[in-house]
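Here is what each chain is made of, one letter per residue.
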Amino acid sequence: MFSSNCWVTTALAAVGLAFIGYRVLTLLKTLLELYVLKGISLKKFGAGQGAWAVITGATDGIGKEFAAQLAKHKLNVLLVSRTQSKLDAVAQQLIDEHHVEVKTFALDFTVGNDADFQRLGQVINGLNVGVLVNNVGTNHEIPTPFAEEDEKLINDIVEVNIKGALKMTRLVLPHMREKRSGLILNLGSFAGLVPTPYLSVYSAGKAFLSTWSQAIGKELAKDGIVVEHLNTYFVVSAMSKVRRPTLAIPLVKPYVSSALSKIGLRCGANIPFTSTPYHIHGLMNWAINTIGTNGFWVNQNFAIQTDIRRRALRKREREAAALRKSD
Ligand SMILES: NC(=O)c1ccc[n+]([C@@H]2O[C@H](COP(=O)([O-])OP(=O)(O)OC[C@H]3O[C@@H](n4cnc5c(N)ncnc54)[C@H](OP(=O)(O)O)[C@@H]3O)[C@@H](O)[C@H]2O)c1
């Protein structure tokens, strides 16, 4: 007969094994989705059949690459961004390289002008929209305490990163619901997964996108619309201020190609309607879900942002000194 001590030890061992077994299973699922399985084909959303993709913030970085790769998959593209000259240059490049139809619409999301969105709505109403990429985003200039942040910049982040996505989605939904098909990709960030001190408004805005994507993802599934929040760590771009790729920080090309090849797979994410498609990001997301507490990761982020802030302030001082010297 087992003593009561033996029973307790056996029960604890069983709980421990179940816990570790569950973690191993989630890792295997993550590896399978990141390295083996293919996501939903873009053909389901009209690629090669005359459908259109609408991409915001399409003249640089990740958005420009989404436009190029969607055009390569034979979707016509409507580019929405701030600067008409940059829109014209990207449009011409896509026409030359991929022979698709391209339209452009210049819109400054910080202005959030109703009349502009109505005009954009009229353009969208004339198109068979299969894909929307809510990519446009803006960030704090440098990590800054909320109490000291510029009022206009706070409002701009809300207008662009949150209200921009809401307004764009409302413009495409009637058509997608009517034809019972569509893909909506929302560009998220690890700053939305783990609260990021000194980037508080950006971080909270990305958390908004995460929660909102999960809510509308569920609502719209019955209409045949796929909503996916793309959880993203750093990517080389003007916004990230990272110029050279590393193992964890890819160029836009491999990042976007992973996003488009893993539609519908969570990869490293453990929340619905969310994917962390880039392989190293996926593994990092799995680690964050598995190791440490939220408090631990917030402390890590605080330490990282404090260091970035210190270096950014020093750089500003150096630049100001150089300017004074040249006067
Ligand atoms: N890069 C990263 O490490 C990273 C990580 C996580 C998430 N993300 C997210 O990915 C998205 C794209 O980031 P990115 O790094 O590719 O940015 P980026 O290189 O700075 O490009 C931003 C694009 O958005 C446009 N844009 C900016 N403000 C605008 C406004 N007010 N109105 C209209 N268009 C505007 C820019 O147009 P102009 O060319 O005219 O300026 C440009 O085309 C963002 O949502 C960002 O939060 C990025």
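Structure first, text after, so check above.
Residues numbered from 1 in each chain as written. Predicted model: local features only at pLDDT ≥ 70, side-chain atom pairs only at ≥ 80, totals over all residues. Heavy atoms only, no water.

A.B. asks: In this structure, what is going on with the sheet that holds strand β3 (residues 102-106)? I would like to understand it.
C.D. replies: Strand pairing in a sheet relies on backbone hydrogen bonds, with the paired strands running either antiparallel or parallel. Pairing is parallel in the open sheet, where seven strands are placed in the order β3-β2-β1-β4-β5-β6-β7. Each having just a single partner strand, β3 and β7 (274-275) make up the two edges of the open sheet. Where strand β2 (residues 76-81) meets β3, five bridges bridge the pair, whose relative direction is parallel. Looking at β3, one finds that serine 81 is bridged to alanine 106. Seen against the sheet, helix α3 (residues 84-98) touches β2 and β3 and runs at an angle of roughly 170° to β3. (Pairing = 2+ DSSP bridges. Helix = DSSP H or I, 4+ residues; strand = E, 2+ residues; numbered from the N terminus. Contact = heavy atoms within 4.5 Å. Axes fitted to C-alpha atoms, helices over the stretch in contact; angles between N-to-C directions.)

A.B. asks: Explain the nonpolar core here, please?
C.D. replies: Inside soluble globular proteins, nonpolar side chains tend to come together where they are buried. If you look at the biggest cluster of nonpolar residues, it comprises 41 residues, and the most contacted ones within it are Ile55, Phe66, Leu70 and Leu79. Those elements giving two or more residues to this core turn out to be β1 (52-56), α2 (61-72), β2, α3, β4 (129-134), β5 (182-187), β6 (225-230) and α8 (252-261). Every residue in contact with leucine 70, bar those within four places of it in the chain, is listed here: Leu42, Ala53, Ile55, Leu75, Val77, Val131, Val133 and Leu260. In this structure, Val54, Leu127, Val172 and Ile184 belong to the second largest nonpolar core, which totals 28 residues. (Core = buried A, V, L, I, M, F, W, Y, C linked by side-chain atoms within 4.5 Å. Buried < 20%, exposed > 50% of the residue type's maximum accessible area, 1.4 Å probe, protein only.)

A.B. asks: Hey, could you run me through the site of the ligand in this one?
C.D. replies: Inspection of the region around the ligand gives 31 residues, with Arg82, Thr83, Lys86, Tyr202 and Ser237 positioned closest. Within the contact set of the ligand, an oxygen atom lies 2.4 Å away from a side-chain nitrogen or oxygen of lysine 86. Serine 237 has a polar side-chain atom sitting 2.5 Å from an oxygen atom of the ligand. Contact with the protein chains hides 93% of the accessible area of the ligand, taken as 900 Å² for the molecule alone. By residue class, the composition of the shell around the ligand is 13 nonpolar, 13 polar and five charged. (Near = heavy atom within 4 Å. Polar contact = N/O pair within 3.5 Å; in protein donor to acceptor, adjacent residues only side chain to side chain. Areas by Shrake-Rupley, 256 points an atom, 1.4 Å probe, with all protein chains shown as cover. Nonpolar A, V, L, I, M, F, W, Y, C, P; charged D, E, K, R; others polar.)

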